[in-house]
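What follows is each chain in one-letter form.
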Amino acid sequence: MARFSDEMLSRAEELVALYPDPRSATIPLCHLAQEQDGYVTNEAMAHIAELVGSTAAEVQGTASFYDMLKLEPVGRYVIGVCTNIACMLRGAYELLENAEEVLDVPVGATTQDGLFTLEEVECIAHCDQAPAAQVNYRYFGPLDRQSFESLVSKLRSGELNEEVPPHGTLIRIRREAPAVIPMEEIDRNRAGEAE
Amino acid sequence: MTDRIVGARLHYEDSQTLERFLATGGDQGLRKALLELTPQEVADQVTTANLLGRGGAGFEAGRKWSMLRKAPRRYLVINGDESEPATFKDHLLVENDPHQLVEGATIAAYAIEASFVVIYLRGEFALGLERVQQAINEAYARNALGRSIFGSSFSVDIVLQPGAGAYICGEETSLIESLEGKRGFPRIKPPYFPAVIGLYGEPTIVNNVETVSNLPWIVQHGGEAFKELGQGRSTGTRLFALSGQVRRPGPYEVEMTKITFRDLIFDQEYGQGLDPGRELLAFIPGGVSAPWFFPEHLDIPLGQDEVAKAGSMLGSGSVIVMDDSSCPVRSAWRIARFFARESCGQCTPCREGGAWIDKILRRIEEGEGRESDLDLLLDLCDNISPGIKWPPAQTTICVLGPSIPPSVNAAIQHFRDDFLIHIKEGRCPHA
Ligand SMILES: Cc1cc2nc3c(=O)[nH]c(=O)nc-3n(C[C@H](O)[C@H](O)[C@H](O)COP(=O)(O)O)c2cc1C
Ligand code: SF4
């Protein structure tokens, strides 16, 4: 719970090395922190600041702006029901009410067992499958009460472990490529060509 | 001629794989660009094609590229933040044809001689991010990225950047701020274009996912062939995202200007009409920033200028259908609420105006409204965007603010009686 573990640290350092300016890695690193701890802790923000060359306050300023970055603990599964116009026209608010009943928590809250956090979210670009929802940013739809209930029970039983990994949108992302070309080399080649 | 360009592979179940990509013309555009054409020649083809940006503003890609400030370093950023309500075309392209996106981005990088490329996808696209990263990995493995691509003298890297949930980061200067590790606050204009001052202060081109996904085809077939599709300024095809109360919502790629909204919504090939017994109430032609259209607009063709002439915009290419079972007050409220929630808060008219409009529309919808609320709403709209005209006047840093009034105004002008029933009866007649 805190700073990056050794394995996470090496992933973080790889990300930092990709950019001409290390601060560009701030948001990706926040995603890594979330993958490790479930949310972005104060210690993680301080560690990110060290890695990208900013301050913990700056990292917090950034992290607090974005809906996906959680500064408080959340459930193992964050369920986001979209209620924006395309989903609303196809019953999203009814779905949201059903979700509250099925999970027995109001929007914004986490179930007692710490398994689910329910959110109402803005458009997730899954509008042809409306009403849609996301679980740890894996998309489902169209959903009604019955299919929502079955989704929740499958999440509970672990049947969807493959489809819905734990937090962290980068959890299955690894860059397999040579180190990025240093800007100076690109500049030099450009100058060479111009001659 | 074909009417499928960016979506040509989407009918294959394995459209996202490298095998399918290479078996269906993948890499050919990039090879031709790098090995047979100069960067300027590629840019010329795109100018000839008159490829309009697919991100919402519809700016000519070739012209944007020509505005790049001359500087030793320049950047290319691909905008895959796609968060405009009811827009889901880029979602489809990143998940189901990621190689085409990477190829298109590399062609654009060559044309503008970019030093470095970032593909920025909204963080919620977990699967899309995985597929695009895999496509990038596979591109490096076959030398379609990195040093001396395909043996040419052109070298470039592409890095994938996840967003973290903020609609405003689709606005290009906000996206750049986000990419620099900051909050997504749009930058004050001028400079109007990141082509002058962009990422890390260097000239930067920001292009939408669908825009660059067209490039492999354009290079392969030539700008003239692209321009033969469509009519006037609207060339090529577009991937329209049809949603709402229509029997078959979905993405439909069609040649520009060749079909009308009536075709898109009612034709068997596309939306297949409304539920039995329903009538069309209204539709929005280009994302929720656009003024609404009504049944009398059904015969307008899907073309940039055609829609603009009728007082709205094709915007992000998302068409939202509302039938007569829906409540226009509720729809207007939900749209306003979205903008209120997503305002970055820098400008008073947007931050305060949006929040008030959200509150007032909500109380009307819930039966707590007053008759004077209608004038109050219009007055607020006028404060955000003086004159409530189309295209809207702007008093704010970005156009999110001026995007609030169109739907509020459309609903009040066309469904005033509905508003009054809500107010008089103290309830929503559709609930
Ligand atoms: C509030 C706001 C949100 C935007 N969201 C997006 C978006 O999600 N994707 C996108 O490509 N362009 C979006 N744009 C437009 C971009 O600023 C920019 O014009 C576009 O990415 C340029 O690419 P194009 O010329 O290829 O269309 C948005 C603009 C505004 C004002
Ligand atoms: S118009 Fe709204 S979203 Fe745009 S910069 Fe101003 S406050 Fe932010």
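Residues numbered from 1 in each chain as written. Chains lettered and ligands numbered in written order. Predicted model: local features only at pLDDT ≥ 70, side-chain atom pairs only at ≥ 80, totals over all residues. Heavy atoms only, no water.

Visitor: Quick question: what am I supposed to make of the pattern of salt bridges here?
Guide: Any two side chains of opposite charge can pair, on the condition that their charged atoms come close. Residues and elements named next belong to chain B. Scanning the entire structure with this criterion turns up 38 salt bridges over all chains. Asp 373 serves as the salt-bridge partner of Arg 363, at 2.7 Å between the closest nitrogen and oxygen. Of this pair, Arg 363 sits in helix H15 (residues 348–365) while Asp 373 sits in helix H16 (residues 373–384); the two residues are 10 residues apart in sequence, bridging distant segments of the chain. Judged by relative accessible area, Asp 373 falls into the buried class, the value being 1%. When salt bridges that share partners are traced, they join Arg 54, Lys 89, Asp 90 and Glu 210 into one network. (Salt bridge = Lys/Arg side-chain N within 4 Å of Asp/Glu carboxyl O. Helix = DSSP H or I, 4+ residues; strand = E, 2+ residues; numbered from the N terminus. Buried < 20%, exposed > 50% of the residue type's maximum accessible area, 1.4 Å probe, protein only.)

Visitor: Is there a simple way to think about the domain arrangement of chain B in this case?
Guide: Residue and element names in this part refer to chain B. For chain B, the domain assignment lists domain 1 (18–228), domain 2 (230–323) and domain 3 (328–425). One C-alpha centre belongs to domain 1, the other to domain 2; they are set 26 Å apart. Contact with domain 1, which involves 23 residues of that partner, is made by 24 residues of domain 2. Interface area for domain 1 against domain 2, summed over the two sides, is near 1,700 Å², with a carbon-plus-sulfur share of 54%. Looking only at domain 1, the three residues that lose the most surface to domain 2 are Arg 54, Glu 84 and Phe 88, adding up to 27% of its buried area. (Domains from an automatic or database assignment. Contact = heavy atoms within 4.5 Å. Buried area = accessible area lost by both parts, 1.4 Å probe.)

Visitor: Would you mind showing me how to read unusual backbone geometry here?
Guide: A negative phi angle is the norm for most residues apart from glycine, just as the trans form is the norm for most peptide bonds. Look at the link from Ala130(A) to Pro131(A): it is a cis peptide, with omega at -5°. If you trace the backbone, Pro131(A) turns up in the loop between strand S2 (116–121) and strand S3 (133–135). With an omega of -5°, the peptide bond running from Trp390(B) to Pro391(B) counts as cis. Looking at where Pro391(B) falls in the secondary structure, it is placed in the loop between H16 and helix H17 (405–414). The backbone phi angle of Asn136(A) is positive, close to 45°, even though this residue is not glycine. A relative accessible area of 5% means that Asn136(A) is categorised as buried. A positive phi angle is found at Tyr137(A), which is not glycine, with a value near 70°.

Visitor: I'm lost on the site of ligand 1 in this one. Help?
Guide: Residue and element names in this part refer to chain B. Neighbouring residues of ligand 1: 18 residues in total, closest Gly 55, Lys 64, Asn 79, Asn 208 and Thr 211. Gly 55 is positioned such that a nitrogen or oxygen atom in its backbone is 2.7 Å from an oxygen atom of ligand 1. Between an oxygen atom of ligand 1 and a main-chain N or O atom of Glu 172, the distance comes to 3.0 Å. Across the complex, the protein chains shield 90% of the 620 Å² of accessible surface that ligand 1 would expose by itself. No other element matches strand S4 (residues 204–208), which puts three residues into the shell around ligand 1. (Near = heavy atom within 4 Å. Polar contact = N/O pair within 3.5 Å; in protein donor to acceptor, adjacent residues only side chain to side chain. Areas by Shrake-Rupley, 256 points an atom, 1.4 Å probe, with all protein chains shown as cover.)

Visitor: How do you make sense of the domain arrangement of chain A when you look at a structure like this?
Guide: How big an interface is tends to be reported as the loss of accessible area on association of its parts. Along its sequence, chain A is carved into domain 1 (6–71) and domain 2 (77–157). One C-alpha centre belongs to domain 1 of chain A, the other to domain 2 of chain A; they are set 28 Å apart.

Visitor: Even after reading the chapter, I still don't get empty space enclosed by the protein, so can you show me in this structure?
Guide: All names here are of chain B. Counted under the stated rule, the structure contains three cavities of 30 Å³ or more. In this structure, the largest cavity encloses a volume near 80 Å³. What lines the largest cavity is a set of 13 residues, among which Cys 344, Cys 347, Cys 350, Cys 398 and Leu 400 lie closest to the centre. Of the residues in the lining of the largest cavity, the class split is eight nonpolar, five polar and no charged. (1 Å grid on protein atoms, 1.4 Å probe; cavity = no way out; pocket = protein on both sides within 12 Å on 5 of 7 lines; lining within 4 Å. Points joined across faces, edges and corners; volume = space filled by probe spheres on them. Nonpolar A, V, L, I, M, F, W, Y, C, P; charged D, E, K, R; others polar.)

Visitor: Any chance you could explain the interface of chain B and chain A here in plain terms?
Guide: The partner chain A presents 58 residues to the 76 residues of chain B that form the contact. For the chain B face of the interface with chain A, the top three residues by lost area are Ala164(B), Arg183(B) and Arg334(B), together amounting to 11%. In this structure, the connection of chain B to chain A is made through eight salt bridges. The salt bridge partner of Glu122(A) is Arg341(B), with a shortest N-O separation of 3.3 Å. If you list the elements that add at least two residues to the side of chain B that touches chain A, you get helix H7 (126–141), strand S3 (158–162), helix H8 (172–179), strand S7 (237–244), strand S8 (250–255), strand S10 (318–323) and helix H14 (328–342) of chain B. Residue contributions to the side of chain B that touches chain A peak at nine residues, all from H14(B). Taken together, the residues of the side of chain B that touches chain A sort by class into 36 nonpolar, 22 polar and 18 charged.

Visitor: What should I look at first to understand the packing of aromatic side chains in this one?
Guide: Using the criterion set out here, one finds 17 aromatic pairs over all chains in the structure. When the centroid spacing of 6.2 Å and the interplanar angle of 35° are considered together, the rings of Tyr93(A) and Trp333(B) count as tilted. On the criterion of chain membership, the pair formed by Tyr93(A) in helix H6 (residues 92–103) and Trp333(B) in helix H14 is interchain, its members lying in two chains. Classification of Tyr93(A) as buried rests on a relative accessible area of 14%. Trp333(B) gets classed as buried once you look at its relative accessible area, which sits at 6%. For the cation-ring pair, Arg122(B) lies above Phe125(B), with the distance from its terminal atom to the ring centre recorded as 5.7 Å. Directly above the ring of Trp356(B) sits Lys359(B), whose terminal nitrogen or CZ lies 4.4 Å from the centroid. (Phe/Tyr/Trp six-rings, centres within 6.5 Å; stacked < 30°, edge-to-face > 60°. Lys NZ or Arg CZ within 6 Å of the ring centre and 35° of its normal.)

Visitor: Even after reading the chapter, I still don't get the pairing of S7(B), so can you show me in this structure?
Guide: For a regular strand, side chains alternate in direction, first toward one face of the sheet and then toward the other. Residues and elements named next belong to chain B. Counting buried positions along S7 gives eight out of eight residues, so the element sits mostly inside the fold. Sheet analysis places S7 next to S8, joined by six bridges and oriented antiparallel. Its bridge partner being in S8, Thr 237 is matched across the sheet by Glu 255. The sheet contact formed by S7 and S10 spans four bridges and is parallel. Across the sheet, Gly 244 pairs through a bridge with Val 321, a residue of S10. (Pairing = 2+ DSSP bridges.)

Visitor: Please clarify how the packing of H15(B) against H16(B) should be interpreted in this entry.
Guide: The axes of two packed helices give the description: the angle between them and the distance between them. All names here are of chain B. For the pair H15 and H16, the least separation of the axes is 10 Å and the interaxial angle reads 160°. Compared by their axis directions, H15 and H16 come out roughly antiparallel. When you trace H15 past H16, the crossing you get is left-handed. Residue-level contacts link Pro 349, Gly 353, Gly 354, Trp 356, Ile 357, Ile 360, Leu 361, Arg 363 and Ile 364 of H15 to Asp 373, Leu 374, Leu 376, Leu 377, Leu 380, Cys 381, Asn 383 and Ile 384 of H16. In terms of residue class, the contact of H15 with H16 is made up of 12 nonpolar, three polar and two charged. (Axes fitted to C-alpha atoms, helices over the stretch in contact; angles between N-to-C directions. Parallel < 35°, antiparallel > 145°, perpendicular 65-115°, else oblique. Left-handed = near helix turned anticlockwise from the far one by under 90°.)

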